[in-house]
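# Examination of the molecular architecture
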Amino acid sequence: RVCKELAMTSDATTNNQAALAQLRESLFGFASYVAHSDKEAAAAYEALVNTSLIENDESCIQFEFQRLLQTLVESKSPCIINSTCLCIEEMILKYKGNKNKLHRFALRLLAKKLDAEINSAKDTRNNLSNTSTTDAENVAKRQKRSPDNCKPFRLIAIMKAAGVLFSTGGGLRNASEGDVVFEAEAATKQMIQNTTILLQCSADDQLDIVQSASECLALVLSNETSYLIEKSNVKHIFTHVRQSLLSSSNDKASSAIIDALKPLIVICSRQSRTCAVSFLSFAIKTYSARERVLWKLATCVSIGNPFAVLTRLSNLGESSSDEDIATCKIRTILSSTCGKAVDASPSDPLQRCLALTESISDMWILFKLVRVAFQTSNYSFARAILEKRLVRGCSRQQSFMYFNALSTLAHGEEVLAVKGAKGIAESLELLSSCNSLLTSLAALEQNDKFGFQLEFIRLRLDTLNLIAITRSLYAEILMTEGTLSGKNNRSTLFRKNIGKSFGLLVSRLKKMYRLWGLHRCQQTRSTLRTLQAMCQLLSEFTKYGTKEAKNSSTPTSTSAPTQSMNMILSKLRTDVLERMPKLKQKDDSVSHASGLLLVLDAILKCPCPFPSGFFQMKPIPRAIVNISADPNILPKTISQNDDHDVTVDAKSGAEVIDVFPGLVTKVILSGVLPEKFIQTADVAFSEIIAWTTLQYEGQLYEEDDAVDSDVGGSNGLTLRDGPDGGETAGCTLLPAGKFIMPVTFEPLLQEGYYKVIIELGCRDVRGGEWKVPTSSPLEVIFRVDDEGSI
C-alpha cells in the first residue's frame, strides 16, 4: 500500500529517477519471488505500473510492458494472469507519451505471444495423439498440474489486451510511412489470422475463447476498415466462422456459438456485403430444417447489413408459432424495412410482424421489439404494439404513463414521416403531449431518471418549431416573388436570426452529446451526431446569400453512412448546397426560397433516427469535487499572513479567495469519480480535464469609478465558454477514481471581484472529450485587492 501511494504522487518523479528504477525492480522482485499470495503479487504489479506511468519514460514503459507480458505467458495462476492483463491494459490506456510508438511495440509483442501460444497448443495436441493409452492417462494426470491448464486464460488475456490496444486507435492507421507501415501491417494481419483460428474452439468448455476472439476481431476490424476489401481475407474469416458453426449438432449448442460469434458477424456484415451474403446463404442452405438457428443467424446479419436480408426474406421460411423464432423474425424484418410505411396487404413485411406478435405473450419481449422498432424508425409497428398490447396490460400508474408517452411519440413521428410538412402541426401537438407525460413521470420519480429523454424531446420540439417558422418565412418570399426582400425589413432580419437559431440548436446538441454520450451506446452517439449534421446543414442553407454564410462551420461527421437520414444529408450537401453558388439566377432570393422549401420537405419526410439511449432511465453518477487555493503559489511573506483566509460569498455561496494583482493564481481541484461512473462509461477514459470561464463581477468599493467593460478590457481577459473554449488543465486519473488537478490562471492586474466557473470533464482513449457532472457547481470568486501587495 505504501508503494502504491508513493507511485501515485507526482512530485517524486523528476529528481529521483534512480530511486524509482530501484523501486520498480524491488516491486517486480517482490511480486515474482517473495509474495506469499496472488493478491500480494497483484498489488505489487499494480504499484509497478503506477510507478512506470508517473515516471513517463518511453524505454521504461516498453521494458515493463515486455516484462509484464512475459509474466502473463509464463504464469501458472489464473489470478496472476488476470491481474497482469489488467496492468497491461492500464499501461496502454494511461500512458501519456508517444502512444503510436507504444502501440506498434505492443502490437508486435502481442502478435508474437499469441502465435506462440497457438503453436504450443498444436504441439501439445500432437504429442497427446502420438502417445499410448497408458502414457495418455499419465499425461492427463500431469496435465492438472501443468501450465497448459492455464492456456485458455492466457489466450483470453492476450486477446483482451489486443482489443484494448485497437480500441485506442492502435494499428495501421497510426503507422507512418516506410518500413513502419509494413511492420504494423504484418503484425496486424498476423493478429487477425491467429485470432481467427481460435474461432474453432467451439467446445462447451471453450466458448469463452470464441467469445473473446469474436470481440477482439470486431474491435480490430472496426479499426482496420480496409481489411475486408480483399476477397481472400473475407474468405479466411468466413471459412473459420463456418467451421465453428458446423461443429455443433443441436440447436442449443448452435445458439450458444452464434451468441459468441455475434460481434464478429455484425461487423463483417456491416463492412462487407460479400460477407453478409455468404453468411445468409450458408444459413439458408445449412439450417433450412432448424428454423430457430436460421433466424438467429439471420438476425445477426440484419443488424450489420439489413438490405442484404431484405432481398432474401422469402427464403427464410414461413411463419411459426414458436415465440423465440417469432421474435427473431420480427427483429430481422424490422431491421430490414427501416422506416417503410405499412401496407394493408398481408404480404407487407410489417403486417407479417404484427401477425407474428400474436404468438408472443411475454410483455418484456414485446417492449424490446418496440425499442427495435423505434431504433429502425418503424413507428407504426411500435405504436400498434404499445396501444394494443402494452398499454392494456399495465398494472402500475408509472408504466401506464410511460407507455402512453411512447405511443404518443410514435404517433407524432409517424404523422411527420407520412405527411411531411403538412403534418408538422399535428406532430408538434403529439410530441408536446409526450413531453408533458414524461415531465410528470420525472416529477414522480425525483431522481433525474428522465433527463436524457426530456432534453431530447425538447430539442425535437424546438427543431420542428423552427422548421415550421422557416417554411412560413420562405413561403412568404416565394409568394411575394421577393418583392419584400431588403436590408432591414422584417423578413430579412428573421432570416438572419433563423440561421443563428439553427446554430444554437447545434450547440445544444453538442452539449447533450458531451454530457450523455459517454454513458450511452455507439448508436446513440451516432444519432446525436446525425441530428447535429442536420441542424448544421439547415443553418448553412438559411445563411446562404448573407454575410454569415462565409463563416459557416464544417459539417458534422457521422459514423453511420448507410442510415437514410445520413444519405439524404450527404446528397443535399454535395448536390445542392455546394452547387448553389454556381447556379445563381437574377432573382436569387426566390430560387433560394424554393430550393430551401424542397430541402425542408425532404428532411421532414425522412424518418428521424432515434437513439436507443432514450430507453435507458439511468441518471449519470455525479463526481464529488473540492476547490481550494494553492498556498505554494504565494510568496512566503504573504502566505504567512492571517488576513488571506478563504471566506464565503453570502450572495452566491461560492468561496472567496484573496488574489494579489500581478501574481499567477492557482486553485487545486481534488475529488473522486464514483465507481459507477467509471463502470457505466461505454468508452474507457484515463484523463480528467477542466474548462474555465473567468468573468468580471464588480468593484471592491462603491466609490470606485471604474467601468466594468474598462476593467475587463484593461486586463485582457479571455472568456472561455466551457468545452468550446479549450482545455485549461488536465491530469491522469488515479486508482479508485481519485484525481488532483491544479488549475492555473493568468495574473489579474485590476482590482475587483472575478467569478470563476469550472466545468469538469474527461478525455477517453480515442481523444473524445466528455463532461463530468458534479454534485455542486464548481464556482469560486477571486478578490483582487492591491492593498498590502508587494
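Structural data are supplied above this passage.
All of the points below concern the structure found in this document. Given the structure is predicted, the values throughout are model-derived calculations rather than measurements.

This brings us to helix α8 (residues 151-167). Its 17 residues give α8 an end-to-end C-alpha distance of 24 Å, which sits within 8% of 24 Å, the value for a rise of 1.5 Å per residue. With 14 of 17 residues buried, α8 lies mostly within the body of the structure. At the C-terminal side of α8, Gly169 shows a positive phi close to 100°.

A separate point is the packing of aromatic side chains. Across all of its chains, the model carries 26 aromatic pairs by this definition. Arranged with centres 6.3 Å apart and planes meeting at 65°, the rings of Phe65 and Phe105 form a pair that is edge-to-face. Of this pair, Phe65 sits in helix α4 (residues 58-74) while Phe105 sits in helix α6 (residues 99-130); the two residues are 40 residues apart in sequence, bridging distant segments of the chain. Pair check on accessibility: Phe65 and Phe105 agree, each one buried. The residue whose ring lies beneath Arg67 is Phe28, and the NZ or CZ to ring-centre distance is 4.0 Å.

Alignment of strand β1 (residues 624-629) against strand β4 (residues 665-672), held across six bridges, turns out to be antiparallel. Each residue of the ladder has a partner; that of Ile627, found in β4, is Leu669.

Per the stated rule, a full pass over the model turns up 25 salt bridges. Across the pair Lys296 and Asp259 runs a salt bridge, and its minimum N-O distance is 3.2 Å. Separated by 37 residues along the polypeptide, Lys296 in helix α14 (residues 291-304) and Asp259 in helix α12 (residues 251-271) bring together distant segments of the chain. The class for Lys296 is partly exposed, based on a relative accessible area of 21%. For Asp259, a relative accessible area of 42% gives the class partly exposed.

The next point concerns unusual backbone geometry. Of note, Ser377 is a non-glycine position whose phi angle comes to about 65°, a positive value. Within the secondary structure layout, Ser377 lies in the loop between α18 (363-375) and α19 (379-390). A residue is classified by how much of its surface remains accessible, and Ser377, at 7% relative accessible area, is buried.

The antiparallel open sheet is built from three strands, whose spatial order is β1-β4-β7. Looking at which strands have only one partner, the edges of the open sheet turn out to be β1 and β7 (738-745). Pairwise comparison of adjacent strand axes, ignoring direction, gives a mean angle of 20° for this sheet. Note that β4 and β7 share eight bridges and pair antiparallel. Of the residues in β7, the one forming a bridge with Gly671 is Phe739.

Moving on, we come to the packing of helix α5 (residues 78-94) against α8. Taken N-terminus to C-terminus, the directions of α5 and α8 make an angle of 10°; their axes are 9 Å apart at the nearest point. By the angle class used here, α5 and α8 are roughly parallel. From α5, Pro78, Ile81, Cys85, Ile88, Glu89, Ile92 and Leu93 reach across to α8, where they touch Phe153, Arg154, Ala157, Lys160, Ala161, Val164 and Leu165.

Relative to the elements of secondary structure, Cys521 occurs in the loop between α23 (490-516) and α24 (522-543). Put simply, Cys521 and Ser612 are 91 residues apart on the chain and 7.6 Å apart in space, counted from C-alpha to C-alpha. If we ignore the near neighbours within four places in the chain, the residues touching Cys521 are Ser612 and Asp682.

Turning next to the side chain of Thr665. Inspection of the secondary structure assignment puts Thr665 in strand β4. Residue classification places Thr665 among the buried residues on the basis of a relative accessible area of 7%. When near neighbours in sequence (up to four residues on either side) are disregarded, Thr665 contacts Val659, Val743, Thr744, Phe745 and Phe782.

Reading the values: the criteria
Residues numbered from 1 in each chain as written. Predicted model: local features only at pLDDT ≥ 70, side-chain atom pairs only at ≥ 80, totals over all residues. Heavy atoms only, no water. Helix = DSSP H or I, 4+ residues; strand = E, 2+ residues; numbered from the N terminus. Expected span 1.5 Å × (residues − 1). Buried < 20%, exposed > 50% of the residue type's maximum accessible area, 1.4 Å probe, protein only. Phe/Tyr/Trp six-rings, centres within 6.5 Å; stacked < 30°, edge-to-face > 60°. Lys NZ or Arg CZ within 6 Å of the ring centre and 35° of its normal. Pairing = 2+ DSSP bridges. Salt bridge = Lys/Arg side-chain N within 4 Å of Asp/Glu carboxyl O. Axes fitted to C-alpha atoms, helices over the stretch in contact; angles between N-to-C directions. Parallel < 35°, antiparallel > 145°, perpendicular 65-115°, else oblique. Contact = heavy atoms within 4.5 Å.

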